[in-house]
Amino acid sequence: MTNKPPERTSTVPRLVVTQDNQFWFDAAREGRLVIQRCTNCAELRHPPAPACAACHSFDWDAVDAGGDATLHSYTVVHHPPDPAFEYPLAIGLADLPEGIRILADIAGLSHDRLVIGMPLRITLVRHGNGEILPQLQPVEGHRS
Ligand code: ZN
């Protein structure tokens, strides 16, 4: 996925960027959704972590994700509201075909149309303070 993140006027709290997840945010600023991969055993992991849970290696690189996702589960949050988001807020846990899951807000369709197993797309959204977060959006043409 190599689309430049669309702008959003909301501001999210400043994200905690560490030496373990800096690569992910650097790639997101370039419009790339990436996944950390262990270079010892090839296990993919998300969110970023310093060591591989499978083989305990500290060696890793990152691979590009395609942006496709399948809704694994979701919840609709009503409280407490954060001014960065519109409420009620749907939060989805989505499976990527690469083999990881990602957690993100869901936008672009009403909550009563959410169906476990439905296809979604991951878009990187730039918020008003420059922070970039993934967002799950409907696949064009998909009817649920
Ligand atoms: Zn490993």
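Scope of this entry: the structure provided in the associated data block. Everything numeric here is computed off the predicted structure, so don't read it as measured data.

Thresholds, definitions, all that
Residues numbered from 1 in each chain as written. Predicted model: local features only at pLDDT ≥ 70, side-chain atom pairs only at ≥ 80, totals over all residues. Heavy atoms only, no water. Helix = DSSP H or I, 4+ residues; strand = E, 2+ residues; numbered from the N terminus. Polar contact = N/O pair within 3.5 Å; in protein donor to acceptor, adjacent residues only side chain to side chain. Contact = heavy atoms within 4.5 Å. Donors = N, O, S within 2.8 Å, 3.2 Å for Na, K, Ca; no water. Tetrahedral: all angles 85-135°; square planar, octahedral: opposite > 155°, others 65-115°. Buried < 20%, exposed > 50% of the residue type's maximum accessible area, 1.4 Å probe, protein only.

Among the structural elements, Gln36 can be located in strand β1 (residues 34-38). A distance of 2.9 Å separates a polar atom in the side chain of Gln36 from the backbone nitrogen of Ala49. Those residues in contact with Gln36 that lie beyond four places of it in its chain are Phe23, Glu43, Leu44, Arg45, Pro48, Ala49, Trp60, Asp61 and Ala62.

The zinc ion binds to the protein through Cys38 (SG), Cys41 (SG), Cys52 (SG) and Cys55 (SG); the donor distances cover 2.3 to 2.4 Å. For the zinc ion, the 4 donor atoms in the first shell make angles of 101 to 115° at the metal, so the coordination geometry reads as tetrahedral. Here Cys38 falls in the buried class, since its relative accessible area comes to 1%. The partly exposed category is assigned to Cys41, whose relative accessible area is 35%.

Shape descriptors only; they carry no functional weight alone.
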